[in-house]
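# Per-entry structural report
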Amino acid sequence: MPQMTADERRRFLMEGTRTAKIATVRENGGPHVVPVWFVLDGDDLVITTGKHSAKGRAVLRDGRVALCVDDETPPFAFVVIEGRATTTEDPDEVLRWSTRNAARYVGAEKADEYGRLNAGEGSMVVRVSPTKIIAENNITGG
């Protein structure tokens, strides 16, 4: 399977409205995986979430996370990222990143509305800085 270059990986991650599936560990040791909206800031993935959600609590407890973004159509491709998450609850930053995410997934015309909706009380920004990346392209060789 061909490895993606850094530029190919960035283009793949920002293409269309692909979601990332973020994996965290619950307090009881059980796994938790959920799809999230994200944007890139350099090599970091940036999401917003509620600090009281399962993923929010997990990230605050232990900043280690893994994410997977994939293309489900032949010839298939994926990017898996392991990294460290940092957070901020600064309202201006939450609104800024929530609006950027919304612009990607619901369009510029609804970005402000959804940005404000997703930046409400108890929201936070989660920035994942990669420590390991696996990026495979053209998995079936087609």
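About the cut-offs
Residues numbered from 1 in each chain as written. Predicted model: local features only at pLDDT ≥ 70, side-chain atom pairs only at ≥ 80, totals over all residues. Heavy atoms only, no water. Phe/Tyr/Trp six-rings, centres within 6.5 Å; stacked < 30°, edge-to-face > 60°. Helix = DSSP H or I, 4+ residues; strand = E, 2+ residues; numbered from the N terminus. Buried < 20%, exposed > 50% of the residue type's maximum accessible area, 1.4 Å probe, protein only. Lys NZ or Arg CZ within 6 Å of the ring centre and 35° of its normal. Contact = heavy atoms within 4.5 Å. Salt bridge = Lys/Arg side-chain N within 4 Å of Asp/Glu carboxyl O. Axes fitted to C-alpha atoms, helices over the stretch in contact; angles between N-to-C directions. Parallel < 35°, antiparallel > 145°, perpendicular 65-115°, else oblique. Left-handed = near helix turned anticlockwise from the far one by under 90°. Nonpolar A, V, L, I, M, F, W, Y, C, P; charged D, E, K, R; others polar. Pairing = 2+ DSSP bridges.

### Regarding the packing of aromatic side chains
Summed over the entire model, instances satisfying the criterion amount to 1 aromatic pair. For the ring pair Trp 37 and Tyr 105, a centre distance of 5.0 Å and an interplane angle of 10° mean the geometry is stacked. With Trp 37 in the loop between strand 2 (31-36) and strand 3 (39-41) and Tyr 105 in helix 3 (residues 91-106), this residue pair connects regions lying 68 residues apart in the sequence. Under the relative-accessibility criterion, Tyr 105 is labelled buried at 13%. The ring of Phe 38 has Arg 104 sitting right over it, with the charged end atom 4.6 Å from the ring centre.

### Let's talk about the environment of Ala 85
By the secondary structure assignment, Ala 85 is in strand 6 (residues 77-88). When the C-alpha atoms of Ala 85 and Arg 64 are compared, they prove to be 6.2 Å apart, with 21 residues separating the residues in sequence. Leaving out residues up to four positions away in the same chain, Ala 85 has contacts with Val 59, Gly 63, Val 65, Val 126, Arg 127 and Val 128.

### Quick word on the pattern of salt bridges
Under the definition given, this model contains 11 salt bridges. Put simply, Arg 10 and Asp 7 hold a salt bridge, and the shortest N to O gap is 3.4 Å. You can see Arg 10 and its partner Asp 7 sitting in helix 1 (residues 6-14), 3 residues apart, about one turn around the helix. When its relative accessible area of 29% is taken as the criterion, Arg 10 is described as partly exposed. A salt bridge links Asp 43 to Arg 9; the shortest N-O distance between them is 3.5 Å. On the criterion of sequence distance, the pair formed by Asp 43 in the loop between strand 3 and strand 4 (44-50) and Arg 9 in helix 1 is long-range, its members being 34 residues apart. Judged by its relative accessible area of 36%, Asp 43 falls in the partly exposed class.

### Remarks on the packing of helix 3 against helix 4 (residues 108-117)
Where helix 3 contacts helix 4, the two axes come as close as 7 Å, and the packing angle between them is 140°. As judged from the angle between their axes, helix 3 and helix 4 are oblique. Between helix 3 and helix 4 lies a crossing whose hand is right-handed. The residues of helix 4 that touch helix 3, namely those facing Leu 95, Ser 98, Thr 99, Ala 102, Ala 103 and Val 106, are Ala 108, Glu 109, Lys 110, Ala 111, Asp 112, Tyr 114, Gly 115 and Arg 116. Of the residues contributing to the contact of helix 3 with helix 4, the split by class is 7 nonpolar, 3 polar and 4 charged.

### Notes on the pairing of strand 5 (residues 64-71)
Side-chain positions along a regular strand alternate between the two faces of the sheet. Pairing of strand 1 (residues 20-25) with strand 5 involves 3 bridges; the strand directions are antiparallel. Pairing of Ala 23 across the sheet is with Ala 66, part of strand 5. Sheet topology note: the strand 5/strand 6 ladder contains 8 bridges and is antiparallel. Bridge pairing in strand 6 places Val 69 opposite Val 79. Between strand 5 and strand 6, which follow one another and run antiparallel, lie 5 residues, and Phe 76 among them has a positive phi close to 65°.

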